[in-house]
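The primary structure of each chain is shown beneath.
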Amino acid sequence: LLLLGVMLPQEPMFWCSHAENWPTEYCGITGSVGDPMPLKYRYSIFAMCAMAVHWLILIDLAVFSTEISAFLLVCGHVLAEVKQFLSALAFLLLAFGSTISILCTECGTEGGDFHDMPNAVISLFAIT
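Residues numbered from 1 in each chain as written. Predicted model: local features only at pLDDT ≥ 70, side-chain atom pairs only at ≥ 80, totals over all residues. Heavy atoms only, no water.

Enquirer: Before we move on, can you summarise the packing of helix H4 (residues 66-103) against helix H5 (residues 117-127) with the specific residues and values?
Expert: At a minimum axis separation of 8 Å, H4 and H5 run at an interaxial angle of 125°. On the basis of the axis angle, H4 is oblique to H5. For the pair H4 and H5, the sense of crossing is right-handed. Two secondary-structure elements touch here, H4 through Leu89, Leu93, Leu94, Phe96, Gly97, Ser98, Ile100 and Ser101 and H5 through Met117, Ala120, Val121, Leu124 and Phe125. When its residues are assigned to classes, the contact of H4 with H5 shows ten nonpolar, three polar and no charged. (Axes fitted to C-alpha atoms, helices over the stretch in contact; angles between N-to-C directions. Helix = DSSP H or I, 4+ residues; strand = E, 2+ residues; numbered from the N terminus. Parallel < 35°, antiparallel > 145°, perpendicular 65-115°, else oblique. Left-handed = near helix turned anticlockwise from the far one by under 90°. Contact = heavy atoms within 4.5 Å. Nonpolar A, V, L, I, M, F, W, Y, C, P; charged D, E, K, R; others polar.)

Structure follows, in structure tokens:
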């Protein structure tokens with residue numbers, strides 16, 4: 001509720017109420033589509049925080065349903081495994097990318113570009 005109170009003075013619809021095509025979020029003070037002003041940026045940050053708090057509050061309601069509680073428990077374990085897999089993948093890509101770029105100085109580019117480490121890592125990642 002506090003974040004909604006902070007967002008109210010930042011609301012672009014209120015600032016643009018004097019515009020000729022009024023139900024718009026872009027006017028002189030809020031900037032244009034390609035160039036938003038700081039008011040629009042602040043509003044988007046507060047909106048992001050409000051949505052995060054909203055979802056955190058909804059997660060607390062999971063204790064009332066065993067199915068949702070089990071789903072959150074499984075998601076927690078699966079995300080831990082995914083994090084471990086991505087860490088191992090990053091380690092292997094960096095290790096083999098640096099090794100191949102050192103050993104393969106005169107190699108062609110048919111199988112991938114292994115002349116330097118960043119390109120070798122990208123080529124190995126493309127293979128996976």
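Enquirer: Residues and numbers for the side chain of serine 101, please.
Expert: Of note, serine 101 is situated in helix H4. Judged by its relative accessible area of 11%, serine 101 falls in the buried class. For serine 101, the side chain forms a polar contact with the main-chain oxygen of serine 98, separated by 2.9 Å. When neighbours within four sequence positions are excluded, serine 101 is seen to be in contact with Phe114, His115, Asp116, Met117 and Ala120. (Buried < 20%, exposed > 50% of the residue type's maximum accessible area, 1.4 Å probe, protein only. Polar contact = N/O pair within 3.5 Å; in protein donor to acceptor, adjacent residues only side chain to side chain.)

Enquirer: Which residues make up the environment of asparagine 119, and what values do they have?
Expert: Looking at the element boundaries, asparagine 119 is found in helix H5. C-alpha separation for the pair asparagine 119 and serine 98, spaced 21 residues apart in sequence, amounts to 9.9 Å.

None of this, on its own, says anything about what the molecule does.
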